[in-house]
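An overview of the molecular structure
Chain residues, written in single-letter form:
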Amino acid sequence: MAVQTTAGATTGTTTGTTTDTVDAAFARRRIRRIWLFIAASVLLIGGMIVSLLVGQYAVSLGDIPHILAVGPTGATSMDESVIWRIRIPRVVLGILVGAGLGVGGALTQAVFANPLAEPSIIGVTSGAGVGAAAVVVFNLSFLGGSTIALGAFITGILTTVVVYRLSKMGGKVRVITLILVGIATNAVANALISFLMFLAPATGRDQIIFWQMGSLNGSQWSHVSVLVIIVAVCLIGAVWIAPKLDILALGDAAAYHVGLNVPLIRLTAIVLATALTAGAVAYAGIISFVGLIIPHIIRVTVGPSNRVLVIASALGGAALICIADIAARTVIPFADLPIGIFTALVGGPTFFILLRRMVAKGGLS
């Protein structure tokens, strides 16, 4: 009897220790989440302020409150016009583009169950670029400013479906297959864009060339008004679908067991990710690796919870684009470099590191 009592006490002690350890781990993760959101918010707000001040025409920090109080309709002086007609639309569009690319990357990775499944890597961004380039070349405008976004969305969704179908073998999307399909998809999409450039007039050709490298140059309030709707609707949808993607990560069988409509959930996530990517491509061109860098950093920091990942990816993506745009406007005086240069310089090594880790773990099979 004494032996049984001792064994029961030992089991109880072990269980209590395990529970305390789990609780402590969750507490640490909550603290990391709080600090992550604080850091991302500080970077974003700081980037917004600096972005308003720097450029070919310098504006004093002390003048910003007065300029903001004037409003877009009351801008008459040079400072007011520069801020309200050039820089604020550019900053807001950059925030929307970064948020869209960050969340689009997080959703794509959740659908493919693969941390390397970023829209630009697997060809979705280039695929969306084909539709946007076609709208520019053939001068389509039946939906006004939304026509480019619609063209990018149509070819983007088609590209996503093709990549998913070709990458899935035996009910599983393998890393090596995904990368190879992405290489092929990017090659085909870039060939189509090159062909469209050949057909385009000189002005359209120059626009597509610069647009292929990604830039916020020429941002307008009309672009913001379209993209803000796309990003807002898709972000709400992404937050709603995130818990279901957590269940889907356990496997299709587990998702079916709890009553989820797996094909519908997967299709919804694909549509949301493609709409976000297409919207960003339509108004800022092809900006690579944002959807790889940001979700990876967040996942390493606070874990794989998709709801946290979606919200934090929106903040982090917005901050990254804002900072990259500052670099694009200040690295070379009186020049406006493409943002894609800076995101690729960071994203390329990140992709290589992730790939090396997966090779070391035998994760390519």
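Quantities reported herein were computed from a predicted structural model and do not represent experimental measurements.

1. Observations regarding the overall build of the chain
Within the chain one finds 13 helices and two strands. For 365 residues, the compact-globule estimate of 2.2 N^0.38 gives 21 Å, and the C-alpha radius of gyration of the chain, at 23 Å, lies within 12% of that figure. Seen along its three principal axes, the alpha-carbon backbone of the chain occupies a region of about 90 × 50 × 35 Å. Within the chain, contacts between residues separated by at least 24 positions form 75% of all contacts whose residues are at least 6 apart in sequence. Here the chain displays about 17300 Å² of accessible surface, and carbon together with sulfur accounts for 72% of that area. Charge separation in the chain, taken as the distance between the mean sites of 21 positive and 11 negative side-chain charges, equals 13 Å.

2. Some thoughts on a nonpolar patch on the surface
On the surface, a nonpolar cluster with roughly 790 Å² of combined accessible area is contributed by Phe138, Leu140, Phe142, Leu143, Phe195, Phe198 and Leu199. Relative to the helices and strands, Leu143 resides in the loop between α4 (124-137) and α5 (147-167). Looking at Leu143, the relative accessible area reads 45%, which means it is partly exposed.

3. Considering the environment of Tyr283
Inspection of the secondary structure assignment puts Tyr283 in helix α10 (residues 262-284). Accessibility expressed as a relative area gives 9% for Tyr283, which makes it buried. Distance from Tyr283 to Thr147, taken between C-alpha atoms, is 11 Å for residues 136 residues apart in sequence.

4. A look at the nonpolar core
Val97, Leu107, Phe112, Leu227 and Ile287 are the most contacted members of the largest nonpolar core, which totals 80 residues. A per-element tally of this core places α10 first, with 14 residues. Apart from residues no more than four positions distant in its own chain, Leu107 is found in contact with Ala238, Ile241, Leu245, Ala269, Leu272, Ala273, Leu276 and Val310.

5. Regarding helix α8 (residues 221-248)
Its 28 residues give α8 an end-to-end C-alpha distance of 39 Å, which sits within 8% of 40 Å, the value for a rise of 1.5 Å per residue. Taken as a whole, α8 carries its principal kink of about 40° at Ala242; the proline Pro243 stands between one and four residues after it. All of the buried residues along α8 are Val224, Val226, Leu227, Ile230, Val231, Cys234, Gly237, Ala238, Ile241, Ala242, Leu245 and Leu248. The inward-facing, buried residues of α8 contact α3 (78-112), α5, α9 (252-257), α10 and α12 (306-330).

6. Thoughts on the packing of α3 against α12
Close contact between α3 and α12 brings their axes to 7 Å; oriented N to C, the two are set at 135°. In terms of orientation, α3 and α12 fall into the oblique class. Here α3 runs over α12; the crossing is right-handed. Of α12, the residues touching α3 (which contributes Arg87, Arg90, Gly94, Ile95, Gly98, Ala99, Gly102, Val103, Ala106, Leu107 and Ala110) are Asn306, Leu309, Val310, Ser313, Ala314, Gly317, Ala318, Ile321, Asp325 and Arg329. Residue classes in the contact of α3 with α12 are distributed as eleven nonpolar, six polar and four charged.

7. Here we look at the side chain of Glu118
Within the secondary structure layout, Glu118 lies in the loop between α3 and α4. The charged side chain of Glu118 is buried without a salt bridge, its nearest counter-charge being Arg299 at 12 Å. Looking at Glu118, its side chain comes within polar contact range of the main-chain nitrogen of Phe289, at 3.4 Å. Beyond its immediate sequence surroundings of up to four residues, Glu118 is in contact with Ser288, Phe289, Val290, Gly291 and Leu292.

8. Thoughts on the environment of Ile34
Along the chain, Ile34 falls in helix α1 (residues 2-53). For Ile34 and Val302, which are 268 residues apart along the polypeptide, the C-alpha to C-alpha distance reads 9.5 Å.

9. Looking at the side chain of Arg87
For Arg87, the location among the structural elements is in helix α3. Despite its burial, Arg87 remains without a salt bridge, the nearest opposite charge being carried by Asp79 at 7.9 Å. Within the structure, Arg87 has its side chain in polar contact with the backbone oxygen of Leu52 (distance 2.8 Å). Among the polar contacts made by the side chain of Arg87, one reaches the main-chain carbonyl oxygen of Tyr57 at a distance of 2.3 Å. In this structure, Arg87 is in contact with Ser51, Leu52, Leu53, Val54, Gly55, Gln56, Tyr57, Ala58, Val59, Val82 and Arg329, ignoring residues within four places of it in sequence.

10. Focus on the pattern of salt bridges
Here the structure, examined in full by the defined rule, presents four salt bridges. One salt bridge connects Arg90 with Asp336, and the closest N-O pair in it is separated by 2.8 Å. Placement of the pair is Arg90 in helix α3 and Asp336 in the loop between α12 and α13 (339-360), with a sequence separation of 246 residues. Of the charged contacts, one joins Arg266 and Asp252 as a salt bridge, the two residues approaching to 3.2 Å between their closest N and O atoms. Separated by 14 residues along the polypeptide, Arg266 in helix α10 and Asp252 in helix α9 bring together distant segments of the chain. Here Arg266 falls in the buried class, since its relative accessible area comes to 12%. Look at Asp252 and you get partly exposed, because its relative accessible area is 28%.

11. Here we look at the packing of helix α11 (residues 290-302) against α12
Between two packed helices, the angle of one axis relative to the other and the distance separating the axes together describe the packing. Running from N to C, α11 and α12 cross one another at 130°; their axes reach a closest spacing of 9 Å. The angle between the axes of α11 and α12 places the two elements in the oblique class. Crossing of α11 over α12 shows right-handed handedness. The residues of α12 that touch α11, namely those facing Val290, Ile293, Ile294, Pro295, Ile298, Arg299 and Val302, are Val308, Leu309, Ala312, Ser313, Gly316, Gly317, Leu320 and Ile321. For the contact of α11 with α12, a count of residues per class yields eleven nonpolar, three polar and one charged.

The rules behind each value
- Residues numbered from 1 in each chain as written.
- Predicted model: local features only at pLDDT ≥ 70, side-chain atom pairs only at ≥ 80, totals over all residues.
- Heavy atoms only, no water.
- Helix = DSSP H or I, 4+ residues; strand = E, 2+ residues; numbered from the N terminus.
- Rg over C-alpha atoms; globule rule 2.2 N^0.38 Å.
- Contact = heavy atoms within 4.5 Å.
- Areas by Shrake-Rupley, 256 points an atom, 1.4 Å probe, with all protein chains shown as cover.
- Lys, Arg positive; Asp, Glu negative; His and termini not counted.
- Charge placed at Lys NZ, Arg CZ, Asp CG, Glu CD.
- Patch = residues over 30% accessible without salt bridge, like charges linked within 9 Å, V, L, I, M, F, W, Y side chains within 5 Å.
- Salt bridge = Lys/Arg side-chain N within 4 Å of Asp/Glu carboxyl O.
- Buried < 20%, exposed > 50% of the residue type's maximum accessible area, 1.4 Å probe, protein only.
- Core = buried A, V, L, I, M, F, W, Y, C linked by side-chain atoms within 4.5 Å.
- Expected span 1.5 Å × (residues − 1).
- Bend = angle between axes of the 7 residues up to and from the residue.
- Axes fitted to C-alpha atoms, helices over the stretch in contact; angles between N-to-C directions.
- Parallel < 35°, antiparallel > 145°, perpendicular 65-115°, else oblique.
- Left-handed = near helix turned anticlockwise from the far one by under 90°.
- Nonpolar A, V, L, I, M, F, W, Y, C, P; charged D, E, K, R; others polar.
- Polar contact = N/O pair within 3.5 Å; in protein donor to acceptor, adjacent residues only side chain to side chain.

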